[in-house]
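# Per-entry structural report
Spelled out from the first residue to the last, the chains are:
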Amino acid sequence: MQNSEAQESGDQTDETAPQQQQSQTAGKAAQLSFHCTLGFGGQQTDQPRQVEHLSDGVVIYNVGKHLAIYNYETSQYQFILKQSKTQEVLCFALTSNRKYLALSEQLAEEKPGGSTEVSVWALLGSGAKQDNSNLHFQVKKTRSLSFAYLSKQPVVAMGFSRENKLLSTATSAPEGFIYIWQLDKAPARLVAMAEHGIRVSHVSISPWSSSSLCTSGMSGLRIWKFSSPNQLKPVDPMVKRREYRYSTHVWFDDEKLVVGTVEGDILVFEYSELKKVLHTVHDENHAICSIVTISRGIAVAGDGGYLSIFERTYDSTLFHIYRCFQTHAAARITTLTVSPNEEYTFCMMSDNTASLFSLVNVDIIEPDKNASSSGGHRDTVFKPLSLGFHNGQVTAISTCVQKNIIVTCSIDRHIRVWNFVKKKTEIDSSFDEEVSAVSCHPSGLRIVAAFKYRLAMFCVLASDLHAVQEFPVKHCKQLSFSKGGHFFAASVVTKIYIYNSFTFACIGFLSGHSSMVRSMVWTNNDQQLISAGYEGAIHTWTIETCKREPKYDISSKAVAHSSIAYDDDSKVLVSVGTNKVPDLGFSEGSVTLRAYEMDQGGKKGETPQAGGSPQQQQQQISEPAEGASGHCQRQPILLGAVQNRQTHGKPHTRECVLSLLHKTLFVGTVTGHIRAYPWPLPPGQPQPSSIIDAHQSSVAFLLLSSDESLLFSVGNDNTLFAFEITSAAAAAVGNQNNASNAIPNHNGGKSLLHSTFSAGNSFEDVAYFLQSDLEVQIDKIEQLTELNQELELKQGHDLKHHRQQFESAVDQKRSETAAQVEVHYQRTIQAQKEKESTLHASAEKTKELETHHLKAAEDLEVLYKARTDALEHKYHECKDMKDDLIVRYENKLQAIRHDWDKTKERMKLEAAEFEQNKKQEMEQLQKRREIQKQDGDLKLEQLEQEYEEEIKHVKAKYQQEKEKLDVQCEKDILQWNIGHRSQEKDTQDLEKLQRDLKSREDILSRAILKNKEHDKANDALRLEIDVRIDTIGTSEKKILELQKQTTELEKLRYVLAFKFNELRKDVAPKEDQIKIMQERMKEMEQELAKVTRDSNALHRALEAKEDKLQVVHREIGNSKRNLEGKSILIKGLLRRLKTIAESSPTRRLLYDIRDVVEKCTTKEDISLMSANVIHDFHRQRIYSENQFSSLKKQNERRELNLSQDNHRKAAENSLLVREINELRHEKKGVLEKVRIVENEVKELKQQLGKSAGGSPAPVRRPSTAASTPAGRVRAMRKSGPETTAKSLFELAESEALNIAEVVHQVEQNNQEMGRQQHEIVRLREFVLHLLNRAKLDPSNVKDASRIDQIQRELSLSNKTDDDFEGIDDAATTESRRTKSKSSVQQ
């Protein structure tokens, strides 16, 4: 495995002199590296095409014989090429974390055990650099799985487990097997295998259980259970059910399997049982081809271009269809893959194209009115990608000079225009008939296409083709524009028609071929045209006279030419063709490369110069071969062989193209290879300097870009590859151009340097547009401007209306807040009174509790001291008893040790006696063994003697019988004519004798076998004796060990018994005392625990009282501050009343006093109201937080089931937020426009005022000294009674402004409280809903009582909130009544 950069070979050298560099690089061909590709390739097997997401926006798929990585956001490519030992990559599998890749490879060399191998590669790097310039994935081989002697069939399906430890592989039928490999340890090992017996197309391991495996194919569905040791047990879930043809499957949720069928049904299995069948998901007879899982359910695609979204349900239906979409082309969707962020779905079509489906906009897409009756919507959510290609055999390919485009046509009735710099399909036009040929004008603004019964000239528009002229030419197979573009040639069977590209007139036709014309090439000066035909003839035509030049004719009847290339400088023609008959050592059907010298009247065998320049390398041309008339021909080069003979309708030979800039000849082969030969060709049999293995089948076309930087290849597998060309020759030409920008031409019109035209960006933006289309666009623009003006006027009227509504609402809110302020003031006064009473009562209670607790603490201390003294006395007594027991135990231990020494000596004596007895027994056994051995030897000798004697006896007897038989046979021969009966008797006797002989031989063989058996018995006896000796030794050792253990156990038993008796004697009289002491200890511990609990409770109560005292102190401080503020207000009120009584007249006195009193009361009410509102707000928020935290832990598990719905809602909310932001931006723009219009209106009004009444009077700025209240009071004292009245009015106005600010702040606080209350109510409703769902769940029966308790608490909290709201409503109504009464009195 290697990246695409690894194909580049050959070192470039930097030389100072351009001529030296050119001479050194003349023999080196250019190197190719993969650049980009189009299409996915034709499938040679029944396996579906594969595509997977590597990351967001990056997919990997198999194309040709390699893998391609494509970023559909930046249109960047990267290739993972096959290994040199690999013939092709059959399939691949990707892990769930997208870090490892498994490839199934068909090896090029056949091996005895099989030519299949699976390799596992680590994917390193990321999808793209920060500047999005290129992809830079790297691969590293980690594991190699060999199938040698396991299976000779190729691996057609693979699947990883979720933890990437197991890999399942399935081989093709017949003799198909499933193999499970363990990859987490090196080397990988096979852990299980089983024969599946069906044609498998998909295999996967359950992501929730690695022991479950599923295989599906057209002929069956199997679920496998993997169990140790190394067993795979198949389960057929469709036993005794309808037979289906299975196309795909996917695991969903825990132990759920969703299977798609060719019949159009979806089967849902759970625990290997069929649970649900979704019938005819799409129209009838529409197969399901691909299923993928998404967060909300599954996505299903198949025939007819249908793609359906199914949402998961938690009832018996399991899934229900949410939306159904259909592509415009209605092509079958073969494969789906979802990006990791679930924004896009990559859809691979059956027509060799691909599209993107947006999952984000599924909920808001408007369906088309022309939707099909089956529910499918032809929506625009399918975004076609530029990596698609033709679905049929490509018939022609062409490029131009001034634009970076290539034009292709195919039997699928499409013409595609593709920009290879932008990597974008600019035009894709379809027709009603097949397109057999196409050619592009050098300007790129026109193309000519050949159909079955006509030729057509098209202008290339920005996004379409526009027909401008048709020509009555039938069955044209070849089209070619001249280099200058003023002519184009069209070949019809054996004739070639020449047309003028500007006047569309036919200037002549060329006739001379006897068979179909297969290739045409123009010379650089457009004065001549060279054509090659199927009959093997190559003719050169002069365009001016439309006549053939016989001196340049080449004829070879043994070869059928298919492609030619011509070098104008060296006058050498290169041809690729197929041998019709054996020729020059090549068999029939061989594809060869031939080179001819197009000499101009020179001698045969003349060696021309290979570049038209004396500095270039010479090309050696051999003598003309047989069949080549008048021209020198090289020895042909073998390119491959074809299986069938050449026909007129279906060309099967390959293309060749010549790059003069890179001095390289590129040739395509039948096996899909592209060879690069150095140009000029060296003498002998030149070898290609580089070979690229690209296509799965033969190469159909090769084409160079105008600047010869890219090479395009089209194969019969419906793929197009673009290769970057690098060479030392191109670098040398670049150095020459830099050295001298202009070189004079002294070679008879031949160019010394091959310079190419680079269009760059000069002509990229040049395109044709139809006048009718422009007029339509202008009309649309005018309509949109009128609509915009109408919308602006409507927005102005709406804005004015909204302003009026807002002002009225503000006035209403102000009146309501004033009433609420009055009500809250009354409530605060009442609350202060209640607070004072509760403070007094709590102070008295705290004093009583403190005295009671002090007395209880003193009593407890006395009791605790007495009990600790008693326990300490008891502890000392127990310690003395323990010391006595230790002394007794040590004395007894010394006695036991003395006894142990005595028993040890006794056991040693017994062991010595036992050893002597065993030795005597061993000696006796050895004597017996020797006696048995002697007896066996004697018996063996006797048997051998008897056997030899018996053999001698049998031989003598057999010899005698043989002699008798010979005599009898002679007699029988003489008496043959006596009678048939005697003959039968003799034959019977002969058979009897033969049987006797065989029986004797059998007896002899039995004796031999018995002898062997006796030998074996003797050997067995010897072995048994040895074994018994060993067992005797081991048994002796065991006996000694057991004796030691028994002695130790007896000693231990004696010691323990003695200790137990002693302790029982000592403990017996004290058991009663110990029981009494234990009971007393328990009582004391219980009393101590009770005392500690009481003390802890008292401490907590004291802390709570301290907290309450702090709160009371703070409230007292607040009340003091309120009293001080009231006293200050009263003093100010008295001062103001005094000033009013002194200064104001009697008629205005009452009104001034009422205003001052109202102002003071409103200030006090506002201050009290704000404190009370903040306190209530904090209390409600703390209560709601406590309630929510108590229920949060119980709802965590149940929220997991709703997580998917929440994700979907989050996506919807994100879309709504985007729309709201857009509306806000629009509103901001409208407000800006309104502000501008208002400013303009004001300016107009000012101009009108100036014009009507002259200049306005200057406005005086008020002084800052009189703006403050203190300044206004000083001014009133200085002025008289009239001025004081005016100042009182100004003071009232300033106080009204302050009151308005306070009212606005109160409104904001009330709104905030309302929002908080609404949020609390919503959370309570959500929690109640979750509790109801949990109560209905049968698995939560144990928690039913807890759920009911929580519901009761929530209902009580709701009642308390309702009571508070009722109190607020009553207060507001009471304040309104008092306000109305005061207004009536006034």
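The written sequence of each chain sets the order in which its residues are numbered from 1. Given that the model is predicted, a residue must reach a pLDDT of at least 70 before its local features are reported, and side-chain atom pairs must reach 80 or more before they are shown or counted; all residues, however, enter totals for whole chains, interfaces and linings. Side-chain calculation: all heavy atoms of the structure are included, whereas hydrogens and water are not.

Exposure above 30% relative accessible area and the absence of a salt bridge qualify a residue for a patch, where like charges join within 9 Å and nonpolar side chains (Val, Leu, Ile, Met, Phe, Trp, Tyr) within 5 Å. Values of accessible area rely on a 1.4 Å probe in the Shrake-Rupley scheme; residue burial ignores everything except the protein chains shown. Take a side-chain nitrogen of Lys or Arg and a carboxyl oxygen of Asp or Glu: if they are within 4 Å of each other, that pair is a salt bridge. Positive charges come from Lys and Arg alone, negative charges from Asp and Glu alone, with His and the N- and C-terminal ends not counted. To locate a charge, the coordinates of NZ of Lys, CZ of Arg, CG of Asp or CD of Glu are taken. Among the surface-exposed residues, Asp935, Asp937, Glu941, Glu944, Glu946, Glu948, Glu949, Glu950 and Asp1015 lie close enough to one another that they form a single negatively charged patch. Under the scheme used here, helices are H or I runs from DSSP no shorter than 4 residues and strands are E runs no shorter than 2 residues, and both carry numbers assigned from the N terminus. The element contributing the most residues to the negative patch is helix H3 (residues 771-974), with 8 residues. Structurally, Glu946 is set in helix H3.

Our focus in this paragraph is the sheet that holds strand S55 (residues 673-678). Two strands are said to pair when DSSP picks up at least two bridges between them. Taken together, the 4 strands give an open sheet; going across it, the order is S53-S54-S55-S56, and neighbouring strands pair in antiparallel fashion. Looking at which strands have only one partner, the edges of the open sheet turn out to be strand S53 (656-659) and strand S56 (690-693). With direction set aside, neighbouring strand axes in the sheet form an average angle of 15°. Sheet topology places S53 next to strand S54 (residues 664-668); 4 bridges connect them, and they run antiparallel. The axes are straight lines fitted to the C-alpha atoms, using for helices just the contacting stretch, and the angles between their N-to-C directions are given from 0 to 180°.

Residues Leu784, Leu787 and Leu791 make up a contiguous nonpolar surface patch of about 290 Å² in total accessible area. Tracing the backbone shows Leu791 in helix H3. For every residue, the accessible area (1.4 Å probe, protein chains only) is compared with the maximum for its type, and the residue is labelled buried under 20%, exposed over 50%, or partly exposed between those bounds. For Leu791, a relative accessible area of 42% corresponds to the partly exposed category.

Next up on the list: empty space enclosed by the protein. Over the atoms rolls a probe the size of a water molecule, and its path tells where empty space is left. Every definition here rests on a 1 Å grid over the protein atoms only: cavities are sets of points where a 1.4 Å probe fits but cannot get out, pockets are open sets enclosed by protein on both sides within 12 Å along at least five of seven lines, and lining residues have some atom within 4 Å of a point. Grid points are joined across faces, edges and corners, and a volume is the space filled by probe spheres set on the points. Scanning the model with the defined rule gives 4 cavities of 30 Å³ or more in all. By volume, the largest cavity is sized at about 60 Å³. Those elements that place two or more of their residues in the lining of the largest cavity are strand S32 (405-410) and strand S33 (414-419). Here the lining of the largest cavity is built from residues that sort into 5 nonpolar, 3 polar and 1 charged. Considering the residues around the second largest cavity, the lining is formed by Ile223, Lys225, Trp251, Glu255, Leu257, Phe269, Glu270, Tyr271 and Ser272. Residue assignment for the lining of the second largest cavity shows that the elements contributing at least two residues are strand S17 (220-227) and strand S21 (266-270). Note that Gly is not counted as nonpolar here; it falls among the polar residues with everything else outside the nonpolar set of Ala, Val, Leu, Ile, Met, Phe, Trp, Tyr, Cys and Pro and the charged set of Asp, Glu, Lys and Arg. Of the residues in the lining of the second largest cavity, the class split is 5 nonpolar, 1 polar and 3 charged.

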